[in-house]
Amino acid sequence: MDFMKSETIINLARSFAGESQARTRYDMYAIKAKEEGYAYLAYVISQLAANEYAHAKVFFDHINSHAPQIVNNLFIDAGYPYKIRGTMENMQFAAEGEHEEATVIYPKFGQIAEQEGLKEIAVSYNLISKIEAQHNKIFTEIHDQLKNGTAYKKDQPVLWKCSVCGHEHLLTEPWQKCPVCGHPIGFTELQLQELH
Ligand SMILES: [Fe+2]
Ligand SMILES: [Fe+2]
């Protein structure tokens, strides 16, 4: 199999573009969350953006390590989303993209890499699709909590923690202002099952 003529090299280029854009979109979503007062959520989103950078690098490195010469230009035919609204909707848009990657795109690209004898690349697609499935769960959970108004309001007392000073207290709803450092509620850590 001539790697330069494979379908996989084009899929890697598509994946590099998709991951790079997801990273940038998530960074924009993090800025938006911060503007809306969700400082801790902005931190969570930027961690996920950093994951996407790492995935982009894996795909980029596969192109460079498999190509026998310097790759000047790869032309791709692919569509990418440009969806941005408020934080609650952004979380839904992100969850949809992750779902598509995890269940359709990367399993397919992995299968093609396998068929083309590019085992190491198939393994990357399979492992990264599992991470994207996890991202889907995190974004879905955040979206649902914002939509249902349960992000900072629980039926049972839970251990809230201020992400700035570390103050903790068992309550159904956290403080509006941290009693220790005075940072507002948005700095309180969200209770996300999928992060634990
Ligand atoms: Fe990713
Ligand atoms: Fe992701």
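Just so you know, these numbers come straight off a predicted model, no measurement behind them.

Here the iron ion (ligand 2) is held by Glu 52 (OE), Glu 98 (OE), Glu 98 (OE), Glu 132 (OE) and His 135 (ND1), and the distances to it run 1.9 to 2.3 Å. Of note, the iron ion (ligand 2) draws all its donor residues from one chain, in the sequence arrangement E-x45-E-x33-E-x2-H. A distance of 3.6 Å spans the gap from the iron ion (ligand 2) to the iron ion (ligand 1), which Glu 52 bridges by coordinating each metal. Residue Glu 132 and its partner His 135 are both found in helix α4 (residues 119-148); the two are separated by 3 residues, about one turn of the helix. Each member of the pair, Glu 132 together with His 135, is buried.

Bringing the environment of Val 71 into the picture now. Positionally, Val 71 belongs in the loop between α2 (39-66) and α3 (87-115). Not counting residues within four places of it along the chain, the set of residues in contact with Val 71 comprises Met 4 and Ile 63.

Coordination sphere of the iron ion (ligand 1), protein contribution only: Glu 19 (OE), Glu 19 (OE), Glu 52 (OE), His 55 (ND1) and Glu 132 (OE), at 1.8 to 2.7 Å. Judged by relative accessible area, which is 0%, Glu 19 ranks as buried. Owing to a relative accessible area of 0%, Glu 52 belongs among the buried residues under this scheme.

For the structure on display, the rule yields 7 salt bridges. With its nearest N and O atoms 4.0 Å apart, the salt bridge here joins Glu 35 to Lys 32. Of this pair, Glu 35 and Lys 32 are both found in helix α1 (residues 7-35), 3 residues apart, which corresponds to roughly one turn of the helix. For Glu 35, a relative accessible area of 60% puts it in the exposed group. For Lys 32, a relative accessible area of 27% corresponds to the partly exposed category.

The next point concerns α4. Between its first and last C-alpha atoms α4 spans 44 Å; for 30 residues at 1.5 Å apiece the expected length is 44 Å, and the two agree. Backbone geometry just downstream of α4 places Gly 149 in the positive-phi region, at approximately 70°.

Once that is clear, we can look at the domain arrangement of the chain. Segmentation of the chain into domains returns domain 1 (3-148) and domain 2 (158-190). Opposite the 6 residues of domain 1 that make contact, domain 2 presents 6 residues. Between domain 1 and domain 2 the total buried area reaches about 490 Å² when both faces are included, carbon and sulfur atoms providing 74% of it. Connecting domain 1 to domain 2 are 0 salt bridges. Of the residues forming the side of domain 1 that touches domain 2, the biggest block, 3 residues, is contributed by α2.

Procedures and definitions
- Residues numbered from 1 in each chain as written.
- Chains lettered and ligands numbered in written order.
- Predicted model: local features only at pLDDT ≥ 70, side-chain atom pairs only at ≥ 80, totals over all residues.
- Heavy atoms only, no water.
- Donors = N, O, S within 2.8 Å, 3.2 Å for Na, K, Ca; no water.
- Helix = DSSP H or I, 4+ residues; strand = E, 2+ residues; numbered from the N terminus.
- Buried < 20%, exposed > 50% of the residue type's maximum accessible area, 1.4 Å probe, protein only.
- Contact = heavy atoms within 4.5 Å.
- Salt bridge = Lys/Arg side-chain N within 4 Å of Asp/Glu carboxyl O.
- Expected span 1.5 Å × (residues − 1).
- Domains from an automatic or database assignment.
- Buried area = accessible area lost by both parts, 1.4 Å probe.

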